[in-house]
Amino acid sequence: MTTQKSKAKEELEESIKGSVLSPDDPGYEEARQIWNAMIDRRPAVIVQCAQADDIPPVIRFARKNGLEFSIRGAGHNIAGNALCDDGVTIDFSKMKNVRVDAGKRRAYVEPGATLANLDEAAQAHGLATPVGINSTTGIAGLTLGGGFGWLTRKYGMTIDNLVSVDLITAEGKKIRASENDNSDLFWAVRGGGGNFGVVTRFEFQLFPVGPEIVAGLIVFPFSQAKQILTKYRQFVASAPEELNVWVVLRQAPPLPFLPENVHGKEVVVLPIFYSGAVANAEKLIAPLRAFGNAHGEHIGAQPYVQWQKAFDPLLTPGARNYWKSHNFTELADGALNSVIEFAGKLPSPQCEIFIGLCSGAPNRVAPNTMAYGHRDAKFVLNVHGRWDEARDDQKCIAWAREFFNASAPYASAGAYVNFMTAEEGDRVAAAYGSNYDRLVEIKRRYDPENIFHLNQNIKP
Ligand SMILES: Cc1cc2nc3c(=O)[nH]c(=O)nc-3n(C[C@H](O)[C@H](O)[C@H](O)COP(=O)(O)OP(=O)(O)OC[C@H]3O[C@@H](n4cnc5c(N)ncnc54)[C@H](O)[C@@H]3O)c2cc1C
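Procedures and definitions
- Residues numbered from 1 in each chain as written.
- Predicted model: local features only at pLDDT ≥ 70, side-chain atom pairs only at ≥ 80, totals over all residues.
- Heavy atoms only, no water.
- Near = heavy atom within 4 Å.
- Polar contact = N/O pair within 3.5 Å; in protein donor to acceptor, adjacent residues only side chain to side chain.
- Areas by Shrake-Rupley, 256 points an atom, 1.4 Å probe, with all protein chains shown as cover.
- Helix = DSSP H or I, 4+ residues; strand = E, 2+ residues; numbered from the N terminus.
- Contact = heavy atoms within 4.5 Å.
- Pairing = 2+ DSSP bridges.
- Axes fitted to C-alpha atoms, helices over the stretch in contact; angles between N-to-C directions.
- Buried < 20%, exposed > 50% of the residue type's maximum accessible area, 1.4 Å probe, protein only.
- Core = buried A, V, L, I, M, F, W, Y, C linked by side-chain atoms within 4.5 Å.
- Phe/Tyr/Trp six-rings, centres within 6.5 Å; stacked < 30°, edge-to-face > 60°.
- Lys NZ or Arg CZ within 6 Å of the ring centre and 35° of its normal.
- Parallel < 35°, antiparallel > 145°, perpendicular 65-115°, else oblique.
- Left-handed = near helix turned anticlockwise from the far one by under 90°.
- Nonpolar A, V, L, I, M, F, W, Y, C, P; charged D, E, K, R; others polar.

Colleague: Tell me about the site of the ligand, and please be specific about residues and values.
Modeller: As a matter of local geometry, the ligand sits amid 34 residues, with Gly73, Gly75, Asn77, Phe148 and Tyr416 nearest to it. The separation between an oxygen atom of the ligand and a polar main-chain atom of Asn81 is 3.5 Å. At 2.9 Å, a backbone N or O of Val199 approaches a nitrogen atom of the ligand. Protein contacts shield 97% of the accessible area of the ligand, which totals 960 Å² for the unbound molecule. Where the shell around the ligand is concerned, the elements lending two or more residues are strand 3 (69–72), helix 5 (139–145) and strand 10 (198–205).

Colleague: Describe in detail the environment of Pro211, supporting the description with residues and values.
Modeller: In this structure, Pro211 sits in the loop between strand 11 (207–208) and strand 12 (212–221). Here the alpha-carbon distance between Pro211 and Gly334, two residues 123 residues apart in the chain, equals 40 Å. If we ignore the near neighbours within four places in the chain, the residues touching Pro211 are Gln123, Gln302, Pro303 and Tyr304.

Colleague: Break down the sheet that holds strand 3 for me, citing the residues and quoting the values.
Modeller: Across the sheet, which stays open at both edges, the 4 strands sit in the order 1-2-4-3 with mixed pairing between neighbours. The outermost strands of the open sheet, each flanked by one partner alone, are strand 1 (19–21) and strand 3. Across the sheet, the mean angle separating the axes of adjacent strands is 20° when strand polarity is ignored. As paired strands, strand 2 (residues 45–48) and strand 4 (residues 88–91) are joined by 4 bridges and run parallel to one another.

Colleague: Can you tell me about helix 3 (residues 55–64), naming the residues and giving the values?
Modeller: The element helix 3 is largely enclosed, with a buried count of 7 among its 10 residues. Those residues of helix 3 lying buried are Ile55, Pro56, Pro57, Val58, Ile59, Phe61 and Ala62. Looking at the buried positions of helix 3, the neighbouring elements they touch are helix 1 (3–15), strand 2, strand 3, strand 4, strand 8 (162–168) and strand 10. Following helix 3 by one or two positions, Gly66 adopts a phi angle in the positive range, close to 60°.

Colleague: Go over the sheet that holds strand 6 (residues 106–109) with me, naming the residues and quoting the values.
Modeller: Taken in spatial order, the 5 strands of this open sheet run 5-6-10-8-9, and their pairing is antiparallel. Because the sheet does not close on itself, it has two edges, and the strands there are strand 5 (98–101) and strand 9 (174–178). Direction aside, neighbouring strands of the sheet carry axes that sit 15° apart on average. Two strands pair when backbone bridges link them, and strand 8 and strand 10 are joined in this way by 6 bridges, in the antiparallel orientation.

Colleague: I'd like a rundown of the nonpolar core, residues and numbers included.
Modeller: Core analysis: the largest hydrophobic core is formed by 124 residues, its most contacted members being Val109, Phe202, Tyr232, Leu270, Leu288 and Ile353. Excluding residues within four positions of it along the chain, Ile353 makes contact with Val247, Val248, Leu249, Val339, Phe342, Ala343, Leu381, Asn382, Val383, Trp399 and Phe403.

Colleague: Residues and numbers for the packing of aromatic side chains, please.
Modeller: The geometry of an aromatic ring pair is captured by two quantities: the separation of the ring centres and the angle between the planes. In the structure shown here, the tally under the stated rule is 21 aromatic pairs. Plain terms: the ring middles of Trp246 and Phe354 are 5.4 Å apart, the flat faces sit at 15° to each other, and that makes the pair stacked. With Trp246 in the loop between strand 13 (243–245) and strand 14 (247–251) and Phe354 in strand 18 (residues 352–357), this residue pair connects regions lying 108 residues apart in the sequence. In this structure Trp246 comes out as buried when scored by relative accessible area, which is 3%. Its relative accessible area of 10% is what places Phe354 among the buried residues. Over the aromatic face of Phe404 sits the side chain of Lys324, whose NZ or CZ is 4.4 Å from the ring centroid. Across from the ring centre of Trp187, 4.1 Å away, lies the NZ or CZ of Arg438, which sits over that ring.

Colleague: So, the side chain of Asn455: which residues are in play, and what are the values?
Modeller: By secondary structure assignment, the location of Asn455 is in the segment after helix 14 (436–446). A polar contact of 2.9 Å, which involves the side chain of Asn455, links it to the backbone oxygen of Phe452. When sequence neighbours within four positions are dropped, the list of residues in contact with Asn455 reads Asn81, Gly194 and Asn195.

Colleague: Provide a residue-level description of the packing of helix 11 (residues 333–343) against helix 12 (residues 393–407), including the pertinent values.
Modeller: Where helix 11 contacts helix 12, the axes come no closer than 9 Å and their chain directions differ by 165°. Accordingly, the angle class assigned to the pair helix 11 and helix 12 is roughly antiparallel. In this structure, helix 11 meets helix 12 at a crossing whose hand is right-handed. Here helix 11 contributes Ser338, Val339 and Phe342 to the contact with helix 12, which in turn contributes Trp399, Glu402, Phe403, Ala406 and Ser407. Looking at side-chain class alone, the contact of helix 11 with helix 12 contains 5 nonpolar, 2 polar and 1 charged residues.

Colleague: Describe the packing of helix 8 (residues 225–237) against helix 11, naming the residues involved and giving the relevant values.
Modeller: Put simply, helix 8 and helix 11 touch, their axes get as near as 10 Å, and they point 140° apart. Compared by their axis directions, helix 8 and helix 11 come out oblique. Crossing hand, helix 8 versus helix 11: right-handed. Contacts between helix 8 and helix 11 pair Ala225, Lys226, Leu229, Thr230 and Arg233 from the former with Asp333, Leu336, Asn337, Val339 and Ile340 from the latter. For the contact of helix 8 with helix 11, the class distribution of residues is 5 nonpolar, 2 polar and 3 charged.

Colleague: Quick rundown of unusual backbone geometry? Include the residues and the values.
Modeller: The peptide bond linking Gly210 to Pro211 adopts the cis configuration, its omega dihedral lying at 5°. Residues other than glycine seldom take positive phi values, yet Asp86 does so here, at roughly 65°. If you trace the backbone, Asp86 turns up in the loop between strand 3 and strand 4. The backbone of Arg105 shows a phi angle near 55°, a positive value even though the residue is not glycine. Of note, Arg105 is situated in the loop between strand 5 and strand 6.

Interpretation in functional terms is not warranted from these geometric data alone.
This is the structure in structure tokens:
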């Protein structure tokens, strides 16, 4: 490192409580790993913040030295914008604290917390708020883009339960945004991603959940896919909101409840989650078994936090990943046919197509209530290309793109920014639909120079 550079680094170190890693420091290589192994970026410095007050000096440092900067929550975003090349990465991995006020049913969450950190702290009081389905995902990125998971049908999206954020602006000012303070900014951060500032604390509303819920999987042969999907569509149209059922089409993992000869074969999986009274679960779930002749099932009462980790083994960091996603208000026959066609030609053993159900509470929010506006979406379909070797990039990406195009005619307008890759910048305006113009106006006010541009960027 040149003397000039190390002097700048020393100055930064002296102005913050956290630590600063540059490429020759121990821990740098580990700190620049994120979930998607396709992203290989080398920041000039990674600042592992220890407190909210570390952020203004980091912003000043980046601006003074003409450096780009990126913000890393838990580093799960597929697009890889958590990291930058040759710039400054604000890394929140040392700020994971979650404080729960059980009396007020509120959680106060630092920006490096994962879903597991929030779920565990809230469940200690029998409480939870809707988040995603993989416990290592970051609360920060998930919330700023929207957030949906098993509890969403009943309690809404993650942003529907966000009460306030503390945020550092592009000018380095610390402000709070809520319905009562800086309400325009609060409108924008609920779906507008990291475009408006660095969030240093999230406040969520919590609900009584579990701690025991009923959940599990039923696994059907792929040959029955058409009837399963058709019956699924009919079933979920009137299922109670405490019950959530998704569909995953993939090769069967070696799950102990499946016969060995099914492992590695294409299957249709129904992941099931019921947060109502345990005693009521069986009669609600029973009709799902009659969708076909299942290879096997594993369903039972279990702690909510355990189910929140159920998919972690299939979603470990370190693989190469490429996603494409659509929203749907209904699952037309054509959409189901394309799902079946492409699930029938999976290009790698880890690729999958999933349909997430989010009908219910999210649909009762008016589209202009906050930046995320796709309130007609009842299903989110994600094609999850996942593989290990760079030599398979082309075939897996081509498969995902072809499926995306084949299913596009049946999709509703808009897209979910949290599932968009780096190359989908031209979908950003569509992702916000009629809320886009207001977002641009708020961006002009809070970040006219677009210093927060490593995200699905809203250009001022
Ligand atoms: C395995 C897996 C499962 C998933 N499952 C779901 C799911 O069930 N439901 C769902 O809704 N989504 C899901 N997602 C998508 C997920 O919501 C996004 O990838 C989200 O961006 C991840 O947040 P993160 O903090 O881990 O990501 P990061 O990559 O760290 O951050 C993403 C972006 O958010 C912004 N950002 C992060 N922290 C801050 C901050 N403090 N202040 C301002 N901006 C910030 C930055 O622009 C950053 O580039 C899943 C993703 C993965 C990889």
